[in-house]
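# Reading the structure
Listed here are the chains, written in short residue letters.
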Amino acid sequence: MGQIKVYGCKNQLNQKKAVMSSVIHAFMVEAFSFPEDKKFHRFFPMKQDDFHYPSDRTEAYTIIEISLFEGRSMQAKKDLIRLLLHRLQQEPDLAHEDIETTIFETPKSNCGIRGLPGDELALNYNVNM
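About the thresholds
- Residues numbered from 1 in each chain as written.
- Predicted model: local features only at pLDDT ≥ 70, side-chain atom pairs only at ≥ 80, totals over all residues.
- Heavy atoms only, no water.
- Salt bridge = Lys/Arg side-chain N within 4 Å of Asp/Glu carboxyl O.
- Helix = DSSP H or I, 4+ residues; strand = E, 2+ residues; numbered from the N terminus.
- Contact = heavy atoms within 4.5 Å.
- Pairing = 2+ DSSP bridges.
- Axes fitted to C-alpha atoms, helices over the stretch in contact; angles between N-to-C directions.
- Parallel < 35°, antiparallel > 145°, perpendicular 65-115°, else oblique.
- Left-handed = near helix turned anticlockwise from the far one by under 90°.
- Nonpolar A, V, L, I, M, F, W, Y, C, P; charged D, E, K, R; others polar.
- Core = buried A, V, L, I, M, F, W, Y, C linked by side-chain atoms within 4.5 Å.
- Buried < 20%, exposed > 50% of the residue type's maximum accessible area, 1.4 Å probe, protein only.
- Phe/Tyr/Trp six-rings, centres within 6.5 Å; stacked < 30°, edge-to-face > 60°.
- Lys NZ or Arg CZ within 6 Å of the ring centre and 35° of its normal.

### A few points about the pattern of salt bridges
According to the stated counting rule, one finds four salt bridges in the structure shown. Across the pair R57 and E100 runs a salt bridge, and its minimum N-O distance is 2.9 Å. One end of the pair, R57, is in the loop between β2 (40-46) and β3 (62-69); the other, E100, is in strand β4 (residues 99-106), with 43 residues separating them in the sequence. For E91, the salt bridge goes to R87, with nearest N and O atoms at 2.8 Å. One network of salt bridges, with partners in common, ties together D56, R57 and E100.

Shown next, in the form of structure tokens:
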């Protein structure tokens, strides 16, 4: 499981979401060996008055939440975050100060997917890395 939520100001996020989706997915595949066809991204473009952020951020401020089955090593998660932040700085040209990422890990038994509890699923990728 790799569910991605991206929040940002509507006028900024709508312009960048296609590129961001490609970048995020490429690094999920590279860092966590996700299958190419497993892409679960949701974008939440918000009105300026509904998305508050600190004064040292710009209108491009973006929050990325990654929800995963538990099992990846601390190093694998750090590698994903570093790669993601570096690449998003290049394309779609976001400043480090404007990107925040959080990884949420969930036990497989706490998820329901395709009619089964997550710990009863036959996955075609490894989460223990």
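### Regarding the environment of I103
Within the element layout of this structure, I103 appears in strand β4. Along the sequence, I103 and I4 sit 99 residues apart, while their C-alpha atoms lie 9.4 Å from each other. Excluding residues that lie within four positions of it along the chain, I103 makes contacts with I66, L68, K77, L80 and I81.

### Structural notes on the sheet that holds β2
Taken together, the four strands give an open sheet; going across it, the order is β2-β1-β3-β4, and neighbouring strands pair in mixed fashion. Strand pairing shows two members of the sheet lacking a second neighbour, β2 and β4, which therefore form its edges. If you compare each strand with its neighbour and ignore which way they point, the axes differ by 15° on average. In the sheet, strand β1 (residues 2-9) pairs with β3 via seven bridges, with the strands oriented antiparallel. Residue pairing in the sheet places G8 in a bridge with T62 of β3. Taken strand by strand, helix α2 (residues 74-90) contacts β3 and β4, and its axis lies near 150° from that of β4.

### A few points about the packing of helix α1 (residues 10-32) against α2
Look at α1 against α2: their axes get within 10 Å of each other, and the N-to-C directions meet at 150°. Viewed along their axes, α1 and α2 adopt a mutual orientation that is roughly antiparallel. The interaxial crossing formed by α1 with α2 has right-handed handedness. Across the interface between the two elements, M20, V23, I24, F27, M28, E30, A31 and F32 from α1 touch A76, K77, L80, L83, L84, R87 and L88 from α2. For the contact of α1 with α2, a count of residues per class yields twelve nonpolar, no polar and three charged.

### Some thoughts on the nonpolar core
In terms of nonpolar packing, the biggest core is built from 23 residues, with M28, F32, I64, I66, L80, L84 and L88 touching the most fellow members. Listed by contribution, the elements that provide at least two residues to this core are β1, α1, β3, α2 and β4. Looking at which element gives the most residues to this core, the answer is α1, with nine residues. If sequence neighbours within four positions are ignored, I66 has contacts with Q3, I4, M28, L80, L84, T101, T102, I103 and F104.

### Comments concerning the packing of aromatic side chains
For the structure shown, the criterion picks out four aromatic pairs. Pairing Y7 with F44 gives two aromatic rings, centres 4.8 Å apart and planes at 15°, and the pair type is stacked. Of the two residues, Y7 sits in strand β1 while F44 sits in strand β2, which places them 37 residues apart along the sequence. Of the residues examined, Y7 reaches a relative accessible area of 19% and is grouped as buried. Its relative accessible area of 30% is what places F44 among the partly exposed residues. Ring plane angle 40° and centroid distance 5.8 Å describe the contact between Y53 and Y61, whose orientation is recorded as tilted. Owing to a relative accessible area of 25%, Y53 belongs among the partly exposed residues under this scheme. Over the ring of F32 we find R72; its NZ or CZ atom is 5.0 Å from the centre of that ring.

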